[in-house]
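Observations on the three-dimensional arrangement
The chain contents come next:
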Amino acid sequence: MYKFSALFLVFLFCFLYLSPESVEAGVIPTIRGYVYTENKRPIPGVWVAMTNSGCKWCPKCLRGKATRYAKTNEKGEFVFEPVYVADYLQPGGTCESNPAIGRMIDTDFDGVLDAEEIPKAPSGCMDNGARACTYEFGCWGAKYTFSVVKPFNLTGEFSKLTEVDFNNALVDFTIYPGEIIYNPDPPPVSNTPTVSLYPYAKEEPPFPSCLSLNILQFGSGEVCRISQDECKSQNDYTFFSPGGNAVLKIYTGMGHLWDQGCKQGPNNDPQRSGSGGVCDQISQTYEAVKVLVNGVEVGRTVDLGTDVNSYWEFPVVLNNGSNTLSIKHIIAGESLSIESESVFYKGAICAEDSISFVPSSCQVNLPPAISLSVDETRQILPGIESRNGSVDEVTFTLEPLGYASLCSSNLGKCQAGIYTYTDTSPVFGANITGISSGNVRLNVSAKMIDEKVDCVSADSTIQVFSQNAWFQVRNGNVITNSNISVQIPPVCISNPICSPYFITKRGGNSPGLALLSGYYNSNVNVSEKNWLVERLRSFEQVNFEFFESLTRSEGIYQKNLTKSNITQYDLLNSGIQHNGYYYYFYEGPENLNISDDISLGSRKVVLLVKNASLFINGNINFNDGQGFFMAITDKNIYVSPDVYSGINNVPALEGIFVADEGFISGSEDEDFDKQLFVRGTVIAEQLSLQRNLKDNATKPAEFFEFAPDLYMNYPSIFSKKLFLWKEITP
Amino acid sequence: MKKFFLIFYSGVFVVIFVVGVIFYFYSRESSPVVAVVGEEKIYLKDLEYELSLHPNRNDPNVKELILDELIKDSIILQAGNKEGKIFLSPAFYNSDNKNYEFRFQKINQVKSLVQEELDFVSGTIVTIWFFNNDRAGRFGYEGGKNSAYKKIKSLRDRVSNGEITIDEAVMEVKSDTTLFDLDFAYQTNAKIDFNITKGQRVTFDEEFDKLIWTVEEGDVSDIYPLRENSFVLGGLKEVAYAFFYVKARKISNNENTNFEDWLENYKKDIPVIKYQ
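Rules used in this analysis
- Residues numbered from 1 in each chain as written.
- Chains lettered and ligands numbered in written order.
- Predicted model: local features only at pLDDT ≥ 70, side-chain atom pairs only at ≥ 80, totals over all residues.
- Helix = DSSP H or I, 4+ residues; strand = E, 2+ residues; numbered from the N terminus.
- Buried ≥ 20, exposed ≤ 12 C-beta atoms within 10 Å, placed from the backbone.
- Contact = placed C-beta atoms within 7 Å.
- Pairing = 2+ DSSP bridges.
- Expected span 1.5 Å × (residues − 1).
- Axes fitted to C-alpha atoms, helices over the stretch in contact; angles between N-to-C directions.
- Left-handed = near helix turned anticlockwise from the far one by under 90°.
- Nonpolar A, V, L, I, M, F, W, Y, C, P; charged D, E, K, R; others polar.
- pLDDT = per-residue confidence, 0-100.
- Core = buried A, V, L, I, M, F, W, Y, C linked by C-beta atoms within 7 Å.
- Domains from an automatic or database assignment.
- Arc of directions from axis to C-beta.
- Parallel < 35°, antiparallel > 145°, perpendicular 65-115°, else oblique.

In this section: the overall build of chain A. The secondary structure content of chain A amounts to 11 helices and 53 strands. The buried share of chain A, taken over its 730 residues, is 42%. Taking as baseline every contact in chain A between residues at least 6 positions apart, the subset at least 24 positions apart corresponds to 68%.

Have a look at this one:
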């Protein structure tokens, strides 16, 4: 470990020490990142390459890429130290002497050092590799790529971090470029393999000859090489391709162009003919390499200074079948005629050339799993990556059948029985609706029609689950002499449209407490604050007798409701008035029905029902803060399934409901039940929450919200006198 | 008598057969246990699944590493349960048929709840750098420094007076092309967002980092020079001016400075047995 740290400090020293620019131009912060498995388990011992895109202030740096390496530790963490740390080190050594820069390491673990295996990248600003490496990190405007060097025998793939930009000013101890994730089972690569040609190749291992290049016979990553003998002023290759768009990449080797009139002299040095004058390296722009595909010139590499080493990319259209590639160079000792001028070349462009084809390709990305409840509809927006072309259509397919269905994103809920949907709209997507519980595989494929490319498709497991009905409370306390058992849909944990708590809150209010004699059994915390007290002693419950006795002691108890069906008219008229409240008393044995919706406005109503149950068949509402409603019975309160508001955040019932026996929320059928929203308080020996919504996925079947105005307007006669103030003689 | 023995042995055979069948199916469906963490069993099945996702799956050290990760997950869940942050369920806990996605959700739930309890401070720093070595731009070191101070003072005063927000101040720095004369990288250097817990650093200037904890929520700091110690600079030298806005902070003297601290407390209390 110490060795490892020291190794980087050495490198970092030379990085800054040799930088001639002002400090901020050469400083980059500590960079940390992680290499993980898909489950965020650390992957130690792999090399991470940090590659610089080049500097804005030094255009030449764009021509080359500098890379440094760090190995992941036990935590899967890779660390590139800031240059200012190296600043303090004793000057000495060079970047080349650092194994990670000099490539005296074996990053892919194949037993061969990188320096012997990978063609050396060209230096950008300077010929001297050691100095060049100092320029190419920390330049302002530079962006970085972080990638894992894949061990040679590994079949999986690592993701990459690209276009990473740093604030150079504040050297940050906590900059994380992100995470690199290993995918053990990568999707197959595009049907057209990438073929690379490395001229001037080593002998071992043997590679197929490029003379008989046939792309269809190559697998991904395979290489053919050109022998030195093949390097000519013009190299022609024939190859076969499935056709379509591709990008041809060429790296030209080192060399120098000399001004006109110079020719090859002794020791292969340029010499001006005749007078023997001095030759100058030219600084103008000249062609060095010309590239033709099927006889059509697709581009030229040109010189920005005195050397020609650079990377070039040319978009090309390949035939389905035979293709020809021609590369015209000037090679060492030759001269090149351009617009009647003649320049002389010293170097070995051809001998260091490398060429590769990158065909048009595309890939679909999906999350590995998506949870969906029965009857829930979610929009699926796959990630589509395309290269050298655009995707034209995306097809969604479900298998096996019967668990979910597909349709356009514009349609909302999908009809059952549709298992394939093709989207050609500008934003590729589809809706998916859960039909029955079980797992189903969603396959998303895509096509680049013009380019004749089938994208790498992606699969996701859709977990369709059946969500039981549930209930939820907002802002208020929940007090029970028993247990609370509630299962909030898992989707609420990740979905902002439903809260992942049993007691939620609105705005800046507190969520309320849960006080239980028993236990809280749920898959979520009771509230954001988690105010929960379990295993308390039993609570004393207020009952009908308590309220009746208080009205009797005030002398207002008098049976004044005689009919068993009452409406809004009855509660807006008559009643026994006392301190601004209207009291209604009903006695059984026949049950009392509220037969229709009631809107009390600012009227305050208290209803006592003795020896009978109360059936509520309509909504009950009043002006918040002005009206009041309280119903008390020594039997049950039955709420009809028809009681619902149907409007978001508008309650169906408002008031305080007290039942000595049960409060029954009322259910019709799963297909017809609507949410019961009660704004107020429910006190009962037993809560029977029967409603079961068709869409339980994100909506509670019963929702109770605390109404503070009810407590402001609570009848004073029902308040216990806890203290008696009495004047006493001193 | 013969009939009795026939019935007896037939009965014994049936019992053995039934027990055998039950044992067969039980042993076939239940994965071996590789560790017990407190009250939770960690199954070979879980370990093998995790290893199947790992590039070095055959490395015994990696196997040990992943097992330790599974043990850590279990401790997080049990500790989270103990603190009431989650409630354990066989759906994701102590089962050889657990829902892995759900388990990770719960682990992350505990992590974020613990994180929320930590002391933290968050906000935005605005900086203007100036050339600071012998190639000190066309204004020279002192000239650049004075110019940077004038620019940042105006911005700081306007943020403090409520004329502009901190984000607007950042945008003004980024769009002020005259700053190129002070710092080539003035645009990327204009801003740094921070959200740190105790012990975490933001800048290379330790004194500046201490100041971040002294400013109240919603307040704007004074202007401070950032100092860097470098032999290139010839020792400790002011290299930039900065001020910051504290968006939110919580200081409760929580004894845990990070999630790992919190976890360490429980690692001591929850026994771990590995079966390897």
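Still more to cover.
Further remarks concern the overall build of chain B. Helices and strands together make up the secondary structure of chain B, namely eight helices and seven strands. When each of the 276 residues of chain B is scored for burial, the buried share is 32%.

Its location among the elements puts Arg 603 of chain A in the loop between β45 (598–599) and β46 (604–610). With residues up to four places along the chain from it excluded, the contact list for Arg 603 of chain A reads Leu 572, Tyr 582 and Gly 627 of chain A.

It is worth spelling out the sheet that holds strand β4 (residues 77–80) of chain A at this point. All names here are of chain A. The strand order across the open sheet built from four strands is β4-β1-β8-β6, with neighbouring strands paired in mixed fashion. Sheet topology places β4 and β6 (157–158) at the edges, where each strand pairs with a single neighbour. By the bridge criterion, four bridges tie strand β1 (residues 31–37) to β4 in an arrangement that is antiparallel. The residue of β4 that forms the bridge with Gly 33 is Phe 78.

Before going further, it helps to spend a moment on helix α3 (residues 60–82) of chain B. In this model, α3 of chain B (23 residues) spans 33 Å end to end at C-alpha, consistent with the 33 Å of a helix rising 1.5 Å per residue. Immediately downstream of α3 of chain B, the backbone of Gly 84 of chain B shows phi near 75°, a positive value.

What follows covers the packing of α3 of chain B against helix α4 (residues 100–117) of chain B. Two quantities define a packed helix pair, namely the angle between the helix axes and the distance between the axes. All names here are of chain B. Closest axis-to-axis distance for the α3/α4 pair is 9 Å, and the angle between their directions is 65°. Here α3 runs over α4; the crossing is left-handed. Between α3 and α4, the contacting residues are Asp 73, Ile 76, Leu 77 and Gly 80 on the first element and Lys 106, Ile 107 and Val 110 on the second. Of the residues contributing to the contact of α3 with α4, the split by class is four nonpolar, one polar and two charged.

Quick look at the confidence of the model for chain B now. Predicted coordinates in regions of low pLDDT should not be interpreted in detail. Residue and element names in this part refer to chain B. Per-residue confidence for chain B gives a mean pLDDT of 84, with 87% of residues at or over 70. Here residues 25–29 is a poorly scored stretch, pLDDT under 50, and it has zero contacts once near neighbours within four places are set aside; other chains count. In the predicted complex, the global pTM is 0.44; the interface-specific ipTM is 0.74.

Now for the nonpolar core. What tends to happen in soluble globular proteins is that the nonpolar side chains get buried as a cluster. With 66 residues, the main nonpolar core has Val 605 and Ala 631 of chain A as its most contacted residues. The leading source of residues in this core is strand β51 (residues 653–664) of chain A, at seven residues. Built from parts of two domains, this core gets at least three residues from each of domain 4 (471–533) and domain 5 (544–718) of chain A. Grouped together as the second largest cluster of nonpolar side chains are 36 residues, Val 126, Ala 148, Phe 208 and Leu 226 of chain B included.

Residue and element names in this part refer to chain A. Ordered in space as β35-β38-β40, the three strands form an open sheet in which the pairing is parallel. Here the strands that pair on one side only, and so sit at the sheet edges, are β35 (478–480) and β40 (532–533). When strand β38 (residues 514–516) meets β40, the two strands line up parallel, connected through two bridges. Bridge pairing in β40 places Ala 514 opposite Leu 532.

All names here are of chain B. Taking 1.5 Å of rise per residue, 21 residues should cover 30 Å, and helix α5 (residues 140–160) covers 30 Å from first to last C-alpha, within 8% of that figure. For α5, every residue scored as buried is listed here: Gly 144, Lys 145, Ala 148, Lys 151, Ile 152, Leu 155, Arg 156 and Val 159. Taken around the axis of α5, the buried residues stretch over an arc of 135°, which confines them to a single face. Seen from the buried face of α5, the exposed residues on the opposite side, beyond 90 degrees, are Gly 140, Glu 142, Lys 150 and Ser 154. The positive-phi residue at the C-terminal boundary of α5 is Gly 162, with phi of around 85°.

Moving on to the pairing of strand β5 (residues 144–148) of chain A. Residue and element names in this part refer to chain A. Burial of the side chains of β5 is restricted to one face: Tyr 144, Phe 146 and Val 148 are buried, whereas none of Thr 145 and Ser 147 on the reverse face is. Here two bridges tie β5 to strand β7 (residues 161–164), and the two strands are oriented antiparallel to one another. In the strand pairing of β7, Phe 146 is matched with Leu 161.

The next subject is the confidence of the model for chain A. All names here are of chain A. When pLDDT is averaged along chain A, the result is 72, and 62% of the positions lie at 70 or above. Considering only residues more than four positions removed or in separate chains, one finds that residues 1–26, a stretch of pLDDT under 50, has 67 contacts. Across residues 83–97, confidence stays below pLDDT 50; counting only partners more than four residues off in sequence or on other chains, it has 45 contacts.

Attention shifts here to the packing of α3 of chain B against helix α8 (residues 259–269) of chain B. Residues and elements named next belong to chain B. Running from N to C, α3 and α8 cross one another at 95°; their axes reach a closest spacing of 10 Å. When the axis of α3 is compared with that of α8, the two are roughly perpendicular. Contacts between α3 and α8 involve Ile 75, Ile 76 and Ala 79 from the first element and Leu 263, Tyr 266 and Lys 267 from the second.

Glancing now at unusual backbone geometry. Residue and element names in this part refer to chain A. In the segment running from Glu 399 into Pro 400, the intervening peptide bond is cis, with an omega of 0°. By secondary structure assignment, the location of Pro 400 is in the loop between β27 (393–399) and β28 (404–407). Of the consecutive residues Gly 588 and Pro 589, the connecting peptide bond is found in the cis state with omega at 20°. Checked against the element boundaries, Pro 589 lands in the loop between β43 (581–587) and β44 (592–594). For Asn 475, which is not glycine, the phi dihedral falls at a positive 70°. Structurally, the position occupied by Asn 475 is in the loop between β34 (471–474) and β35. Since 20 C-beta atoms lie within 10 Å of it, Asn 475 is described here as buried.

Another aspect to go through is the environment of Asn 593 of chain A. Residues and elements named next belong to chain A. Take Asn 593: it is sitting in strand β44. Distance from Asn 593 to Ser 564, taken between C-alpha atoms, is 5.9 Å for residues 29 residues apart in sequence. Those residues in contact with Asn 593, other than ones at most four positions away along the chain, are Ser 564, Asn 565, Phe 615 and Asn 617.

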